[in-house]
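# Structural overview for review
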Amino acid sequence: MKIGLLGFGVVGKGVYELARMRQDMQVAKVVCLEDITLPDAQVTRDFQDVLNDPSIDTVVEAMGGLHPAFEFVKAAMEAGKNIVTSNKALVATFYDILVPLAQEKKLSFRCTAAVGGGIGWLSELERSRRSQTIQEVGGIMNGTCNYILDAMHRTGLSYDEALKQAQGLGYAEAKPATDVEGIDTWHKILLSSNVAFGVTMDKDSVPVSGISQIGPQDVAAFQAHGLVCKLVSCARRTEAGISAYVQPTLYPQGSLEAAVPSNYNLITFIGSASERMSFYGQGAGRYPTAYNVLQDCIDVLSGKPFYVPYGPVVQAVNQEPLRFYVRGATDSFLEENTQEHWGEGIVTAPVAVSRMHRWHKEHPQAFLAALSQE
């Protein structure tokens, strides 16, 4: 295998270093905007050097972002090159273009590192769905949010203090909105749902609530009731259809989710035969992520295409009723549904997830968290 590597940042450099240890693959060219020299690969600023090289059969995209990553990946596929990527935003956003194109061109298109970083989540999900029906997927999928929430619960830091600490350790970006507003997790649950259920989730029908409005008063209220807050995703089969969403959720102290520390992930599927299977590990990092990119390259060598055939577009229904903790806003809807008062916040009677997220979209200054059904 000859690889054209797009990007030489944290993940790209890791892929290059791991690939050098193998006899069955070589990074032949690297597209990078910095002036670097590599002993066994040509470094170029021009993607056309990769695109027009017939000896390069596989492109590894480690640039991140949507553009020009999408244009480069699509052009490479049209030129007959296999694709391996760790870019969850790219795959989730352009799923309905890239997956059918891979099938049309009879190419491999692998993206295991896009969900869970170093956890082999999508590849295991692919194996599992061959022999059983997947009923539910989801869990803690973002290490930045988990670090912030864990620090607030364990050490009493404010949200801003915990975020600053996460940034200092390299767990959070300088502009962390994609993580803390739940967008990163949203991309991951979209992709996980597509693989688990053999569908293409309508992105606009999957609601998201993040953690940026959480305060110390919320954490104090949760601790007083023996609960821990985590940002989680969930997608499950219901009688009405597939329910899928991202939201802060409260778990009892001592539960598996509540115990996940620092920047770790815990991702779970429930199968008709296996029942609950959970995967725990680092959700990011150079070598954990590069390891799964390399595993995908090995799968390409083995002739494995995408995880599942392109499936029909479906909308999330989200009619299941949950109780919600809410602080920071009030109106007649909340007043009618208030069941308890927790400090400065209230806890609602059971409300449909879709209805609660519509309310939150109209009151973005509020913080909300669902009470888990455990």
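None of the values given here were measured: they were computed from a predicted structure.

In this section: the overall build of the chain. Broken down by element type, the chain carries 14 helices and 19 strands. On C-alpha atoms alone, the chain measures out to a radius of gyration of 21 Å, which is about the 21 Å that the 2.2 N^0.38 rule sets for 374 residues. The burial tally for the chain puts 57% of its 374 residues in the buried class. For the chain, the exposed surface amounts to about 15400 Å²; the carbon and sulfur share of it is 50%. Here the chain contributes 31 positive and 40 negative side-chain charges, whose respective centroids are spaced 5 Å apart.

Along the chain, Lys230 falls in strand β9 (residues 227-238). Comment: no salt bridge for buried Lys230; closest opposite-charge side chain is Asp150, at 4.5 Å. Within polar-contact distance, the side chain of Lys230 engages the side chain of Asn146 at 3.1 Å. The contacts of Lys230, once residues within four sequence positions are left out, are Ile140, Asn146, Leu149, Asp150, Gln247, Pro248, Thr249, Tyr251, Glu257, Ala258 and Val260.

Packing of helix α7 (residues 143-155) against helix α8 (residues 159-168) leaves a shortest axis separation of 9 Å and a crossing angle of 130°. Classified by the interaxial angle, the pair formed by α7 and α8 is oblique. Pair α7 / α8 crosses with right-handed handedness. Residues Tyr147, Ile148, Ala151 and Met152 of α7 form the contact with α8, whose own contacting residues are Tyr159, Ala162, Leu163, Gln165 and Ala166. Tallied by class, residues from the contact of α7 with α8 come to eight nonpolar, one polar and no charged.

The side-chain alternation of strand β15 (residues 324-327) yields two buried faces, one formed by Phe324 and Val326 and the other by Tyr325 and Arg327. Judged from the four bridges that link them, β15 and strand β19 (residues 367-371) form a sheet pairing that is antiparallel. In the strand pairing of β19, Arg327 is matched with Phe367. Direction of pairing for β15 relative to strand β17 (residues 345-348): antiparallel, over a ladder of two bridges. Each bridged residue has a counterpart across the sheet, and for Tyr325 the counterpart in β17 is Val347.

What follows deals with the sheet that holds strand β7 (residues 134-140). Across the sheet, nine strands lie side by side as β12-β11-β7-β9-β10-β19-β15-β17-β16; this open sheet has mixed pairing. Each edge of the sheet is formed by a strand with only one pairing partner; in this case those strands are β12 (275-282) and β16 (338-342). Pairs of neighbouring strands in the sheet enclose a mean axial angle of 30°, with direction left out of account. Relative to β17, β16 runs antiparallel, the two being bridged by four bridges. Residue pairing for β17: Trp342 is matched across the bridge by Gly345. Strand contacts of helix α6 (residues 121-129): β7, β11 (264-271) and β12, with the helix running at about 10° to β11, the strand carrying the most contacts. Sheet strands touched by helix α11 (residues 216-224): β9, β10 (241-252), β15, β16 and β19. Its angle to β15, the strand with the most contacts, is close to 145°.

How each quantity is defined
- Residues numbered from 1 in each chain as written.
- Predicted model: local features only at pLDDT ≥ 70, side-chain atom pairs only at ≥ 80, totals over all residues.
- Heavy atoms only, no water.
- Helix = DSSP H or I, 4+ residues; strand = E, 2+ residues; numbered from the N terminus.
- Rg over C-alpha atoms; globule rule 2.2 N^0.38 Å.
- Buried < 20%, exposed > 50% of the residue type's maximum accessible area, 1.4 Å probe, protein only.
- Areas by Shrake-Rupley, 256 points an atom, 1.4 Å probe, with all protein chains shown as cover.
- Lys, Arg positive; Asp, Glu negative; His and termini not counted.
- Charge placed at Lys NZ, Arg CZ, Asp CG, Glu CD.
- Salt bridge = Lys/Arg side-chain N within 4 Å of Asp/Glu carboxyl O.
- Polar contact = N/O pair within 3.5 Å; in protein donor to acceptor, adjacent residues only side chain to side chain.
- Contact = heavy atoms within 4.5 Å.
- Axes fitted to C-alpha atoms, helices over the stretch in contact; angles between N-to-C directions.
- Parallel < 35°, antiparallel > 145°, perpendicular 65-115°, else oblique.
- Left-handed = near helix turned anticlockwise from the far one by under 90°.
- Nonpolar A, V, L, I, M, F, W, Y, C, P; charged D, E, K, R; others polar.
- Pairing = 2+ DSSP bridges.

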